[in-house]
There are 4 protein chains.
Amino acid sequence: MGYLAEECGVFGVYNNTAIDSAQMGYFALQALQHRGQDGAGMVVSDGKHAALVKNIGLVTDVFHPGELDALSGKKYMIGHVRYATSGATNVLNTQPLVMRYQDGFLALAHNGHLVNSKALSRSLRDIGVLFQTDMDTEVLAHLIARSHAADMPGKIAEMMAVVYGSYALVIMDRNHVYGVRDPWGIRPLCIGRMENGTYILSSESCALDVIGAQFVRDVAPGEIVSIGPDGLRSYPQPQRSGGGICLFEYVYFARPDSTIDGVSVYESRFRAGQLLAQVAPVEADIVAGVPDSALSAAQGYANASGIPYGDVLVKNRYIGRTFIQPGQRAREMAVRLKLSVLRGQVEGKRVLLVDDSIVRGTNSIIIAKMLRNAGAKEVHMRISSPPVRFPCHFGINTPNQKQLIGAGQSVEDVRKLLGLDSLAYLPLEKLEESVKGSSCGYCTGCFDGHYPMNLAVCRRKCALQPKTKEGR
Amino acid sequence: MGYLAEECGVFGVYNNTAIDSAQMGYFALQALQHRGQDGAGMVVSDGKHAALVKNIGLVTDVFHPGELDALSGKKYMIGHVRYATSGATNVLNTQPLVMRYQDGFLALAHNGHLVNSKALSRSLRDIGVLFQTDMDTEVLAHLIARSHAADMPGKIAEMMAVVYGSYALVIMDRNHVYGVRDPWGIRPLCIGRMENGTYILSSESCALDVIGAQFVRDVAPGEIVSIGPDGLRSYPQPQRSGGGICLFEYVYFARPDSTIDGVSVYESRFRAGQLLAQVAPVEADIVAGVPDSALSAAQGYANASGIPYGDVLVKNRYIGRTFIQPGQRAREMAVRLKLSVLRGQVEGKRVLLVDDSIVRGTNSIIIAKMLRNAGAKEVHMRISSPPVRFPCHFGINTPNQKQLIGAGQSVEDVRKLLGLDSLAYLPLEKLEESVKGSSCGYCTGCFDGHYPMNLAVCRRKCALQPKTKEGR
Amino acid sequence: MGYLAEECGVFGVYNNTAIDSAQMGYFALQALQHRGQDGAGMVVSDGKHAALVKNIGLVTDVFHPGELDALSGKKYMIGHVRYATSGATNVLNTQPLVMRYQDGFLALAHNGHLVNSKALSRSLRDIGVLFQTDMDTEVLAHLIARSHAADMPGKIAEMMAVVYGSYALVIMDRNHVYGVRDPWGIRPLCIGRMENGTYILSSESCALDVIGAQFVRDVAPGEIVSIGPDGLRSYPQPQRSGGGICLFEYVYFARPDSTIDGVSVYESRFRAGQLLAQVAPVEADIVAGVPDSALSAAQGYANASGIPYGDVLVKNRYIGRTFIQPGQRAREMAVRLKLSVLRGQVEGKRVLLVDDSIVRGTNSIIIAKMLRNAGAKEVHMRISSPPVRFPCHFGINTPNQKQLIGAGQSVEDVRKLLGLDSLAYLPLEKLEESVKGSSCGYCTGCFDGHYPMNLAVCRRKCALQPKTKEGR
Amino acid sequence: MGYLAEECGVFGVYNNTAIDSAQMGYFALQALQHRGQDGAGMVVSDGKHAALVKNIGLVTDVFHPGELDALSGKKYMIGHVRYATSGATNVLNTQPLVMRYQDGFLALAHNGHLVNSKALSRSLRDIGVLFQTDMDTEVLAHLIARSHAADMPGKIAEMMAVVYGSYALVIMDRNHVYGVRDPWGIRPLCIGRMENGTYILSSESCALDVIGAQFVRDVAPGEIVSIGPDGLRSYPQPQRSGGGICLFEYVYFARPDSTIDGVSVYESRFRAGQLLAQVAPVEADIVAGVPDSALSAAQGYANASGIPYGDVLVKNRYIGRTFIQPGQRAREMAVRLKLSVLRGQVEGKRVLLVDDSIVRGTNSIIIAKMLRNAGAKEVHMRISSPPVRFPCHFGINTPNQKQLIGAGQSVEDVRKLLGLDSLAYLPLEKLEESVKGSSCGYCTGCFDGHYPMNLAVCRRKCALQPKTKEGR
């Protein structure tokens, strides 16, 4: 049983009026579905009792009219979409977690990954604590429940003082919904508001647009905010230096219509493409992107280079959970089912293909071969981010370093492996330029190994006190 | 969120050989299915890792070939069938509970109901403990995990010292499966053995017969037993006076082919019927029982009275979860669907119908009317247990005292309400006579209000110490 | 693709008032569920349009509140429960069949088996008819649709003139529901009535009791009846000599609370047990039946012999669709799961066990061994019907003749094979005596090979005329 | 019960080698999934028996490992994806249809819509034919089965002689898989081949690419082809004048990576965009397309106009079957969930949005409003096809003519209704120019009302002869 790394989406509402929180959550979680397709859940409350629905699957698999009716009419709501990188995919490992503690119920939904969860869990178990799930989110819950602080912001602050890692959290108790962002600001979290005074917390601003809320601001690194009958309140905690938002949120992860820490995701990608054209020009007949996430960068490249932009690869929109039988033929068909080539766009042409990143390189090899088979005269590839050389420890599921094609070899070696006429990456300083204006710094760990914290030290950190009824 | 009262079934195996524990569990839990149809689960282990499958529904709904394959080949196994009397019927409230604690994993399956779970839960929450389910079983797990005792029998014993109520438990850790029976002996638990040294724990002996195991003995009130590589071991704890096995296990709950505390359930029912004929004779043309549980008593009545035995009511064997639309007609059809009358057995006759108990009386009214409509000249009813006048606090889901038809009125009043020509119950001392030879006493609480413990006192009992790493 | 033999249940309603036909059908089909558990369906109509719901599974699996709501409020209804003896178990092979033909829609539900369906199907296909299912019911539909008769009774009569085999049919068109019973009367069908003038057709009278209808009479062999706005009408067709109701309906198949052709099923079984005691007495300490269908005969045997009646075998009431893994141990557990022995009833005793029939004998061998293992001093078996020596060609799924244990060997040989101290069957003339008073004769084919028709001749019979628009 | 109009996809294989036909079908049907998401099915055969799996839902919902295993290892296969425009969505109305007829089994899968199916069905029912589904495909099956022609191509030809409407068919009998395209060529069908001599039939060429087959040629209007042990054979039937391929296949329906009748779908859309820029220029700051189908035309428009191309609308990729509760708010959230605006691309700009068509106009109104709300200075719309003014009678589900926004009013009126600064459509002659080189003509019915056949006359056409065993 290992702790699970995960990239997920969180959402919370304090609803000032009769508008239905569960309905808002149902649509908002679908807008965040790209952040996790393995599980979904919502818990709602009227301040006294909490009602929970969660399960494995997509939001539309988990919530049916019956479930939505059962959750309707409540003022407080938090929700979660889950991406499971390892461990058993069952309902016990979905979120929100809902517990009873000293002051009633406590519900949590978490996006991120803790660095010292093993040390904390071991210490907690040594003093008799039981763990019922495989999720490091449970560590956070125990720390909050065991705090002697007088109120919830104080309890959360005590938890934050001992936890290392990334977390964007929404927490619900009987009186408020809380939003919490780790002191490094690695995972995004923002605040929205509706005209009637309803407040929203969301991993990405795209979910605010869907439910018709206005963007207020991002939660600051280290900040606790509460939404409730007393409006929006802020409980800032110390920020930690050396951190910043995950650059991969801009490169690949977030939706292009989201704005994170003041920077539009679409525009950052378009700018990255423009910068890429400047630093790595090439003579080509057509510029195309690998759908969907690299299309913006390809448009930027075309814009800056003057080479015509056009579609070259088509993505199948109706791929469900395809069952792939063993065998080489079945695997090949599965790849061609996802992506196909527009032969007429490629035949006899020099093709410049923009992708957002290369991780293992397996897909890139297949795509280059598909373009050659379709008659491309030359195949050039430009990547709108630097080579991924180091694992992520903060919630993105990167493979073993040995499998990172950019980790152990030169760009020229990778070019040959992929069978390309040329290959170039966007340098890290240019990627940072593409997101300039972001309100906090950046985590560049997967590109340069400079993590926001000393992992070896942090992994051992653990300072827990037993809780007694009398307090300290 | 209230603590759930429940009557359930538990089962555990330490398997000495290659015989598959999950397969044995699959059949054994079906043999115990009458003890709970709301959920089922099994956890298996090879001593290091625990694998769990559980869900709502019947055993055959929860376990399919895929699940059984995933669980196969392990030496340790515990399982549970659940009857949910209240609270949310979802997978989070099914058993076994599986947790990680200081020494690896800890799994529990529980039949029974705790009297002081609220007080214990409140104390535990006061010192920072989180509760993730609605089941009082979770209190037991926290108490065991927080114990400073050196080994698992010691931890279980510490838990037993502070808990009041009924419990038959199977517990699994990395080295053993444990069986625990509360110090009053209210819920049954027995031990079986196969020729190869495989040991079994089961709520009822009928499950031993199904898997081909021999009955060894009942677990004694207050006893902890362990089964594992070191065979069967016993760790007796103090018994509590004034208790005993639940009489309703014999009257209605257990399967007739089970033997509990040395007394055959079938024979106890047959004897109860014989005694009933002695204390409450009547002139009748036919003796019949209400199927299925009262047929044994009816045969005993016929045997002792000399009146011919015959079937009068037929039970539909294929009733699934019938959806009953609103309306009087639908409700009536639903009752007639379950039970129908053999008109030819009844027409023009004096019918003596034996039932095992009357709780609310609603079914008895309908049955009496059905017999009259079918032409019965007289309808007499004999009940093979005393009137239920008090609620059960130990796991059987009795209704509110106001709804107990035997609670507030005389037998004559009840007779009139039910529209019977005569009505008689078996006196409590005769019921006790029917199970004489049982190795511990009896709980007669629901009949006479004499519970094995002072409920008001016990409900407040709570003596918890915080656990520290250093121990005491 | 072979034609499927099947034993099924049919039900139909013409509803004179606002009472909901679909709701009545929902309960009635559950009352007939013992006749088939592989599929269920209902079609309802207001006279213009037909709405159909059918699927594989139990009635309670197929119909949920949504389906029942969609079917509610209609005057006409027919339904079916299906037992699939071979062929693909999918929704395409469930009933009712609903078709469009010259005069609107035509819906059929069928219990029985045709002898000349292959010849008829071949002839129909030769003139261009398409078959879309594996069910011989489809032959009946094509014959009705192709008839030139002026009205539906006429069309049905033309069909009856060319079809050989057993059939109890309910048919719905825009104006009526029809009931049809084959001219030999092999399968049962009866008529019920409610006070408001609503008429019912049902395979067995037990379904009338459930919905609160009064039994009117059985449909006569060869009779067509219609129910509709013009009340109950009869269109008698020629009966065929040499036929009669299937004796196995009384022996095993029908529910004991049904009355078929004037004879109570329970009473016929009780009488068979009495006659068995006269012709095959034995000295024993206890008489018991194999549950559930042989309990009535065992009671009759005890009544006539004076030997005490008691339960010896217990049937598990909660057996779902158990998945049995390969291997001898799993198979043995599966048998013990279904039936278990009351050891105390058997130990040291001479046990007389009554069963209703022996087909392959496999179960009887296991039961005899279980009784010996439980300590029975002697095990005697009495069968309340003659040996099954011939296959059924009229809808009951009998195995290959080689597998019929009673087909090729003497009773003494069978006794040895089953490991019994004595064995005796009820002679055929005594079985006929047990059902005396039945309004038509009996089909004794599976006992003595005297089928109601010459199978070899009938199988070839086929006389079809092409239908032209002008008619003949 | 009405006949259903539908647009669907068909696929067939004769497999010369051990490569698994069901596996190929599984991937190919997913590649055709955009042609229908309401149902899917496959039937396979070894020449003797046919095995069918079909159900409602996506291909990945219908086929699981168990189903694929059951279908594996066969040489012949046909499959279908279904779009249900009306009528009951249940398994009885999915395809392929599999029937038994004179010469064994007959299986059909159909894309298209018949004009005279009612007249044919009435005539068939008048001579005793039964219809078991609501699909006009069943008419085709009856006509084939009733033909007196000596072989299957002859039977199909007889059918084609009396049927009016569109159809791309794959048919399987014991010896061959057949492909049939209606004599007007309205629906597409093409032939592929693998190196080992395996032949393929597919609605679109994109499915050939996925399974690794080479495109051979399109099936000609009126052509019957067979694939089987004797290779590819052609049985041309008379073409009908005045017809041609449906222009909407190019405009919207087909996948961009398909080539139909010699013209690349992507290129035809790009050209349509270029032509649109020529005939309807506008001053704008950005050209964008409505995703996904109008992006190609937008790129063509940008290419020809010199206005920069960029994304403006983002489509949510994870929309499942969203349940929309009643109420205006829920409906608005549902629209915003599907499409969102990139505010930074729009703010203060003159936006030129290209869409492929306007049918009802409801979406266009919402999109225009979303762009205005996001700060667009001007919103211009260009449509890469003419106004849809007439219903389609050949398989595309067009609404009632009253709901066609382009049917009764001028372009200026529509512009005002949609709230646009300017609006222009591509003229029909320019759309035809964009697909020039197509090997047969075009059906322009929905644009100009010139259908390939006289609908009023054809609807009455029916000339059926009764089939007798002796033949004519």
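Scroll up to find the structure.
My aim in this report is to walk through the structure given alongside it, one point at a time. Note that the coordinates shown come from a computational prediction; the quantities given were computed from them, not determined experimentally. (Residues numbered from 1 in each chain as written. Chains lettered and ligands numbered in written order. Predicted model: local features only at pLDDT ≥ 70, side-chain atom pairs only at ≥ 80, totals over all residues. Heavy atoms only, no water.)

Quick look at the overall build of chain A
Then comes step 1: Along chain A, the regular secondary structure elements total 17 helices and 23 strands.
Then comes step 2: In terms of overall dimensions, chain A is globule-like: its C-alpha atoms have a radius of gyration of 23 Å, near the 23 Å expected for 472 residues.
Then comes step 3: When the backbone C-alpha atoms are referred to their principal axes, chain A occupies close to 75 × 50 × 45 Å.
Then comes step 4: The buried share of chain A, reckoned over its 472 residues, is 65%. (Helix = DSSP H or I, 4+ residues; strand = E, 2+ residues; numbered from the N terminus. Rg over C-alpha atoms; globule rule 2.2 N^0.38 Å. Buried < 20%, exposed > 50% of the residue type's maximum accessible area, 1.4 Å probe, protein only.)

Concerning the nonpolar core
Then comes step 1: Residues A:Tyr301, A:Phe394, A:Met453, D:Tyr301, D:Phe394 and D:Met453 are the most contacted members of the largest nonpolar core, which totals 96 residues.
Then comes step 2: Excluding residues within four positions of it along the chain, D:Phe394 makes contact with D:Gly112, D:His113, D:Val115, D:Gly165, D:Ser166, D:Ile186, D:Arg187, D:Cys443, D:Tyr451, D:Pro452, D:Met453 and D:Leu455. (Core = buried A, V, L, I, M, F, W, Y, C linked by side-chain atoms within 4.5 Å. Contact = heavy atoms within 4.5 Å.)

Observations concerning the sheet that holds strand β1 (residues 9–14) of chain D
Whenever strands of a sheet pair, they do so through backbone hydrogen bonds, lying parallel or antiparallel.
Residues and elements named next belong to chain D.
Then comes step 1: The strand order β3-β2-β4-β1-β10-β9-β11 describes an open sheet built from 7 strands, whose pairing is antiparallel. On the outer flanks of this sheet lie β3 (50–56) and β11 (214–218), each paired with one strand and no other. The average undirected angle you get between the axes of adjacent strands in this sheet is 15°. (Pairing = 2+ DSSP bridges. Axes fitted to C-alpha atoms, helices over the stretch in contact; angles between N-to-C directions.)

Quick look at unusual backbone geometry
Then comes step 1: Omega for the peptide link from B:Pro291 to B:Asp292 comes to -5°, which places this bond in the cis form.
Then comes step 2: Looking at the secondary structure, you find B:Asp292 in the loop between β17 (286–289) and α10 (295–305).
Then comes step 3: Note that the residue after C:Gln95, namely C:Pro96, is joined by a cis bond; omega there is 0°.
Then comes step 4: Checked against the element boundaries, C:Pro96 lands in the loop between β4 (76–82) and β5 (97–101).
Then comes step 5: Here the phi dihedral of A:Asp261 falls at roughly 50°; this positive angle occurs in a residue that is not glycine.
Then comes step 6: Here A:Asp261 is to be found in the loop between β15 (259–260) and β16 (263–264).

Notes on the interface of chain B and chain A
Then comes step 1: At the interface, 35 residues of chain B touch 35 residues of chain A.
Then comes step 2: Seen at the junction of chain B and chain A, the total is 0 salt bridges.
Then comes step 3: For the pair chain B and chain A, the number of links is 6 residue pairs in polar contact (both at pLDDT 80 or more).
Then comes step 4: Grouping the constituent residues of the side of chain B that touches chain A by class yields 18 nonpolar, 8 polar and 9 charged. (Salt bridge = Lys/Arg side-chain N within 4 Å of Asp/Glu carboxyl O. Polar contact = N/O pair within 3.5 Å; in protein donor to acceptor, adjacent residues only side chain to side chain. Nonpolar A, V, L, I, M, F, W, Y, C, P; charged D, E, K, R; others polar.)

What to know about the relation of the copies chain A and chain D
Then comes step 1: Overlay of chain A on chain D (RMSD 0.1 Å): rotation 180°, translation along the axis 0.0 Å. Accordingly, the operation relating the two chain copies is best matched by a two-fold axis. Of the C-alpha atoms belonging to chain A, the one lying closest to the rotation axis is found on A:Arg317, 3.8 Å away.
Then comes step 2: Both copies present the same face, since 100% of the interface residues in chain A are matched by interface residues at the equivalent positions in chain D. (Least-squares fit on C-alpha atoms with pLDDT ≥ 70 in both.)

Some remarks on the pairing of strand β17 (residues 286–289) of chain A
Residues and elements named next belong to chain A.
Then comes step 1: Of the two faces of β17, both are covered, the one formed by Ile286 and Ala288 as well as the one formed by Val287 and Gly289.
Then comes step 2: Bridge analysis of β17 against strand β20 (residues 350–355) gives 4 bridges, and the strand direction is parallel. Its bridge partner being in β20, Ile286 is matched across the sheet by Val351.

Structural notes on helix α5 (residues 137–146) of chain D
Residue and element names in this part refer to chain D.
Then comes step 1: A large share of α5 lies buried, amounting to 10 of its 10 residues.
Then comes step 2: Buried residues of α5: Thr137, Glu138, Val139, Leu140, Ala141, His142, Leu143, Ile144, Ala145 and Arg146, and no others.
Then comes step 3: Contacts made by the buried residues of α5 are with β5 (97–101), β6 (104–114), α4 (117–126), α6 (152–162) and β7 (165–172).

Structural notes on the packing of aromatic side chains
Residues and elements named next belong to chain A.
Then comes step 1: This structure, assessed with the given rule, holds 30 aromatic pairs over all chains.
Then comes step 2: Relative to Tyr76, the ring of Tyr14 has its centre 5.2 Å away and its plane inclined at 55°; by these criteria the two rings are tilted. On the criterion of sequence distance, the pair formed by Tyr14 in strand β1 (residues 9–14) and Tyr76 in strand β4 (residues 76–82) is long-range, its members being 62 residues apart. (Phe/Tyr/Trp six-rings, centres within 6.5 Å; stacked < 30°, edge-to-face > 60°.)

Points about the interface of chain A and chain D
Then comes step 1: The partner chain D presents 52 residues to the 52 residues of chain A that form the contact.
Then comes step 2: Across the chain A to chain D interface the summed buried area is about 4,700 Å²; carbon plus sulfur atoms make up 57%.
Then comes step 3: Run the count over chain A and chain D and you get 0 salt bridges.
Then comes step 4: At the boundary of chain A with chain D, the tally comes to 16 residue pairs in polar contact (both at pLDDT 80 or more).
Then comes step 5: Looking at the side of chain A that touches chain D, the elements that each hand over two or more residues are α1 (21–31), α3 (65–71), α7 (206–211), α9 (265–279), α11 (328–338), β19 (339–341) and α12 (343–346) of chain A.
Then comes step 6: Taken together, the residues that form the side of chain A that touches chain D break down as 24 nonpolar, 16 polar and 12 charged. (Buried area = accessible area lost by both parts, 1.4 Å probe.)

Focus: α6(D)
Residue and element names in this part refer to chain D.
Then comes step 1: Of all 11 residues in α6, 9 are buried, a share of seventy percent or more.
Then comes step 2: Where α6 is concerned, the buried positions are Met152, Pro153, Gly154, Lys155, Ile156, Ala157, Met159, Met160 and Val162.
Then comes step 3: The backbone nitrogen of Gly154 lies 2.9 Å from a side-chain oxygen of the residue at the head of α6, namely Asp151.

Observations regarding the pattern of salt bridges
Should their charged atoms come close, side chains of opposite charge can pair.
Then comes step 1: One pass over the structure, following the stated rule, counts 56 salt bridges over all chains.
Then comes step 2: Its salt-bridge partner being D:Glu412, residue D:Arg415 comes within 2.8 Å of it at the nearest N-O pair. Note that D:Arg415 and D:Glu412 are positioned in helix α14 (residues 411–418) at a spacing of 3 residues, about one turn of the helix.
Then comes step 3: The class for D:Glu412 is partly exposed, based on a relative accessible area of 38%.
Then comes step 4: A network of salt bridges, in which partner residues are shared, links A:Arg35, A:Arg187, A:Glu204 and A:Glu249.

Some remarks on the sheet that holds β17(A)
Residue and element names in this part refer to chain A.
Then comes step 1: With parallel pairing, 4 strands are arranged side by side in an open sheet as β17-β20-β21-β22. The two strands at the open ends of the sheet, each matched to only one other strand, are β17 and β22 (422–425). Each strand axis lies, on average, 20° off the axis of its neighbour in the sheet, ignoring direction.
Then comes step 2: Taken strand by strand, helix α10 (residues 295–305) contacts β17, β20 and β21 (378–383), and its axis lies near 160° from that of β17.

Section: the pairing of strand β12 (residues 223–228) of chain D
Residues and elements named next belong to chain D.
Then comes step 1: Burial of β12 is extensive: 6 of the 6 residues sit out of reach of the surface.
Then comes step 2: Here β12 shows two buried faces, one formed by Glu223, Val225 and Ile227 and the other by Ile224, Ser226 and Gly228.
Then comes step 3: Here strand β8 (residues 177–181) pairs with β12 via 4 bridges, running antiparallel. Bridging from a neighbouring strand, Tyr178 pairs with Ser226 of β12.
Then comes step 4: With 6 bridges joining them, β12 and strand β13 (residues 231–236) adopt antiparallel strand pairing. By the bridge assignment for β13, Ile224 is matched with Tyr235.
Then comes step 5: Hairpin geometry of β12 and β13 is characterised by an intervening segment of 2 residues between the two adjacent antiparallel strands.

Observations concerning the relation of the copies chain B and chain A
Then comes step 1: Expressed as a screw transformation, the operator carrying chain B onto chain A has a rotation angle of 180° and an axial translation of 0.0 Å, and the superposed copies differ by an RMSD of 0.0 Å.
Then comes step 2: Of the residues that chain B buries at the interface, 100% are likewise interface residues in chain A, meaning the two copies contact each other through the same surface.

Quick look at the arrangement of the chains
Then comes step 1: One finds no contact between chain A and chain C; the C-alpha atoms of the two approach each other to within 12 Å at their closest.
Then comes step 2: There is no contact between chain B and chain D; across them, the least C-alpha separation is 12 Å.

Here we look at the state of the cysteines
Formally, a disulfide is one covalent bond, and it connects the sulfur atom of one cysteine to the sulfur atom of another.
All names here are of chain A.
Then comes step 1: Overall, the coordinates contain 0 disulfides over all chains when judged by the stated rule.
Then comes step 2: Free of any disulfide, Cys246 has its nearest neighbouring cysteine sulfur in Cys392, separated by 6.0 Å.
Then comes step 3: By relative accessible area, which is 6% here, Cys246 ends up buried. (Disulfide = S-S within 2.5 Å.)

Some points on the environment of D:Asn196
Residues and elements named next belong to chain D.
Then comes step 1: Looking at the secondary structure, you find Asn196 in the loop between β9 (190–193) and β10 (199–202).
Then comes step 2: For Asn196, a relative accessible area of 27% corresponds to the partly exposed category.
Then comes step 3: Distance from Asn196 to Asn15, taken between C-alpha atoms, is 8.8 Å for residues 181 residues apart in sequence.

Observations regarding the side chain of A:Asp257
Then comes step 1: With respect to the secondary-structure elements, A:Asp257 resides in the loop between α8 (247–253) and β15.
Then comes step 2: Within the structure, A:Asp257 has its side chain in polar contact with the side chain of D:Ser340 (distance 2.4 Å).
Then comes step 3: Among all residues touching A:Asp257, those that are not within four sequence positions of it are A:Ser205, A:Cys206, A:Asp209, D:Val314, D:Ser340, D:Val341 and D:Leu342.

Some details on the packing of α1(A) against helix α11 (residues 328–338) of chain D
Then comes step 1: For the pair α1(A) and α11(D), interaxial distance at closest approach is 10 Å and the crossing angle is 5°. Looking at the two axes, α1(A) sits roughly parallel to α11(D). Contacts between α1(A) and α11(D) pair A:Gln23, A:Met24, A:Phe27, A:Gln30 and A:Ala31 from the former with D:Arg329, D:Ala330, D:Met333, D:Ala334 and D:Leu337 from the latter.
Then comes step 2: Across the contact of α1(A) with α11(D), the residue classes break down as 7 nonpolar, 2 polar and 1 charged. (Parallel < 35°, antiparallel > 145°, perpendicular 65-115°, else oblique.)

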